[in-house]
Amino acid sequence: LKRAARLAPAPCRWNSGLPMNIGVLFVPQQEAWVVERMGKFHRILEPGLNFLIPLLDRIRYVQSLKEIVINVPEQSAVTLDNVTLQIDGVLYLRVMDPYKASYGVEDPEYAVTQLAQTTMRSELGKLSLDRVFRERESLNASIVDAINQASDCWGIRCLRYEIKDIHVPPRVKESMQMQVEAERRKRATVLESEGTRESAINVAEGQKQAQILASEAEKAEQINKAAGEANAMLVKARAKAEAIQLLAAALAQQHGNAAASLSVAEQYVNAFSKIAKDSNTVLLPANTGDVTNMVAQALGIYTTLTKPQAVKTQDEMPRTHEDSQPPATEVLKAEQGSSS
């Protein structure tokens with residue numbers, strides 16, 4: 001009863017009791033019958049038809065060559081950081097040598113189960129609680145290696161060992177849950193900060209690109225504006241040069257001086273009229289009512305400005321007639337006397 005309480009239900013190595021020797025026996029597949037002759041090991045019957053001598057030969061053990069599954073009962077184990085755990089597992093075995101399994105140990109399954117429990121406790125004592133959950137595969141492999149080293153002389157080989165459940169104390173479980181929540185909050189905060197950083201970087205990059213594009217646009221605008229102003233100045237200068245050339249050609253023609261004198265007189269009169277409209281304080285000659293005198297003054301100024309050209313012309317050509325207009329000096333003296 002004590003042994004049955006320690007072990008969970010598992011398939012028995014004996015099918016339905018030991019078969020009787022009737023001389024002719026049929027051994028099922030994946031079974032090995034151990035035969036003793038007069039109390040001493042004789043041979044192992046293979047699957048199929050076999051013949052034995054009644055009364056002398058006796059079938060002593062029936063070993064199953066199939067894979068056997070054994071539930072390892074729950075047990076307590078202390079980790080490296082002094083945390084008590086309740087762990088149970090599943091053990092997968094196979095009988096490799098029926099002779100050693102029959103005569104090497106009294107109860108192979110029980111022996112392997114106890115070995116698995118002790119090996120599990122010793123392996124858990126080398127690991128901390130966090131590593132127990134992370135390294136379950138390596139823990140299972142270590143237990144399998146330890147069982148195979150000890151069970152080799154028993155004719156049994158451990159194929160796999162799997163931990164089914166790990167029960168943690170309630171307070172430790174609460175602490176682990178708090179740790180997990182804190183870790184998740186930390187990850188969320190880190191991810192949020194990284195998102196904020198990426199967003200700020202993207203905004204800064206956008207502003208930088210916008211400023212660069214705006215400066216390039218302003219630069220292009222200034223270049224275009226300067227080019228336009230330069231072209232306009234060139235066009236104006238060319239137009240002015242052409243106008244001067246046309247004016248010079250017109251003055252060189254016959255009666256050009258008379259036409260220029262008339263134009264100067266008209267501009268002189270229009271200038272006085274514009275000054276009278278735009279300003280309250282006007283400087284006028286003494287005889288503003290005498291238009292003829294004003295025209296004479298304008299013609300005198302024009303004659304003074306064109307005198308060098310006239311002197312050059314007189315040097316080249318003989319003088320035919322005297323100038324009808326008074327000299328510019330006399331005109332200026334007359335203007336000063338009238339103004340005083």
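Residues numbered from 1 in each chain as written. Predicted model: local features only at pLDDT ≥ 70, side-chain atom pairs only at ≥ 80, totals over all residues. Heavy atoms only, no water.

J.: Go over the sheet that holds strand S2 (residues 31-37) with me, naming the residues and quoting the values.
T.: Across the sheet, three strands lie side by side as S3-S2-S5; this open sheet has antiparallel pairing. Strands with a single pairing partner mark the edges of an open sheet, and in this sheet they are strand S3 (40-45) and strand S5 (57-64). Within the sheet, the average angular offset between the axes of one strand and its neighbour, ignoring direction, is 25°. Here S2 runs beside S5; their pairing, made up of seven bridges, is antiparallel. (Pairing = 2+ DSSP bridges. Helix = DSSP H or I, 4+ residues; strand = E, 2+ residues; numbered from the N terminus. Axes fitted to C-alpha atoms, helices over the stretch in contact; angles between N-to-C directions.)

J.: Please set out the nonpolar core residue by residue, giving values where relevant.
T.: Note that soluble globular proteins tend to have their nonpolar side chains buried in a common cluster. Grouped together as the largest cluster of nonpolar side chains are 32 residues, with contacts concentrated most on Leu85, Leu91, Leu93, Ile147 and Tyr161. Mapped onto this core, the elements with two or more residues apiece are strand S6 (67-78), strand S7 (84-95), helix H3 (108-124), helix H4 (129-134), helix H5 (136-151) and strand S8 (156-167). Sort the elements by how many residues they give to this core and H3 lands first, with six residues. In this structure Leu91 touches Ile68, Val69, Ile70, Val72, Val112, Ala116, Ile147, Cys158, Arg160 and Tyr161, once residues within four positions along its chain are discounted. With eight residues, the next largest nonpolar core counts Val27, Trp33, Leu45 and Ile59 among its residues. (Core = buried A, V, L, I, M, F, W, Y, C linked by side-chain atoms within 4.5 Å. Buried < 20%, exposed > 50% of the residue type's maximum accessible area, 1.4 Å probe, protein only. Contact = heavy atoms within 4.5 Å.)

J.: Could you give me a rundown of unusual backbone geometry, with the residues and numbers involved?
T.: The phi angle at Gln30 is positive, at roughly 65°, despite the residue not being glycine. Assignment of secondary structure puts Gln30 in the loop between strand S1 (24-27) and S2. On the accessibility criterion, Gln30 (33% relative accessible area) is partly exposed. Even without a glycine there, the phi angle at Leu55 is positive, about 70°. Summarising the element assignment, Leu55 is placed in the loop between strand S4 (48-51) and S5. Of the residues examined, Leu55 reaches a relative accessible area of 87% and is grouped as exposed.

J.: Explain the sheet that holds S7 to me, and be specific about the residues and the numbers.
T.: Reading across the sheet, the three strands line up as S6-S7-S8 and stay open at both edges, with antiparallel pairing between neighbours. The sheet is open, and its two edges are formed by S6 and S8, each paired on a single side. Averaged over neighbouring strand pairs, the angle between their axes works out to 20° when direction is ignored. Sheet topology note: the S6/S7 ladder contains ten bridges and is antiparallel. Pairing of Ala77 across the sheet is with Leu85, part of S7. Seen against the sheet, H5 touches S7 and S8 and runs at an angle of roughly 145° to S8.

J.: Outline the packing of H3 against H5, supporting the account with residue identities and numerical values.
T.: At a minimum axis distance of 9 Å, the contact between H3 and H5 shows a crossing angle of 135°. If you check the angle between H3 and H5, you find them oblique. Where H3 crosses over H5, the two elements pack in a sense that is right-handed. Across the interface between the two elements, Val112, Leu115, Ala116, Thr119, Met120, Glu123 and Leu124 of H3 pack against Leu139, Ser142, Ile143, Ala146, Ile147 and Ala150 of H5. Of the residues belonging to the contact of H3 with H5, the class tally is ten nonpolar, two polar and one charged. (Parallel < 35°, antiparallel > 145°, perpendicular 65-115°, else oblique. Left-handed = near helix turned anticlockwise from the far one by under 90°. Nonpolar A, V, L, I, M, F, W, Y, C, P; charged D, E, K, R; others polar.)

J.: Lay out the packing of aromatic side chains with the relevant residues and their values.
T.: Tallying each qualifying case throughout the model produces four aromatic pairs. Taking 6.0 Å as the distance between ring centres and 80° as the angle between the ring planes, the aromatic pair formed by Phe41 and Tyr103 counts as edge-to-face. With Phe41 in strand S3 and Tyr103 in helix H2 (residues 98-103), the pair connects residues that are 62 residues apart, well separated along the chain. An aromatic cluster is built from Phe41, Tyr61, Tyr99 and Tyr103, whose rings are joined through pairwise contacts. (Phe/Tyr/Trp six-rings, centres within 6.5 Å; stacked < 30°, edge-to-face > 60°.)

J.: Which residues make up the environment of Arg43, and what are the values?
T.: Following the sequence through the fold, Arg43 ends up in strand S3. Spatially, the C-alpha atom of Arg43 lies 9.8 Å from that of Ile59, the residues being 16 residues apart in sequence. Apart from the residues lying within four places of it in its own chain, the contact partners of Arg43 are Trp33, Val34, Val35, Asn50, Phe51 and Leu52. In terms of polar contacts, Arg43 uses its side chain to reach the backbone carbonyl oxygen of Phe51, at 3.0 Å. (Polar contact = N/O pair within 3.5 Å; in protein donor to acceptor, adjacent residues only side chain to side chain.)

J.: Quick rundown of the confidence of the model for the protein? Include the residues and the values.
T.: The pLDDT averaged across the protein works out to 77; a share of 74% of its residues lies at or above 70. Within the model, the stretch residues 1-16 combines pLDDT values under 50 with 22 contacts to residues more than four positions away or in other chains. Every residue in residues 316-340 scores below 50 in pLDDT, and together they form twelve contacts with partners more than four places removed in sequence or on other chains. (pLDDT = per-residue confidence, 0-100.)

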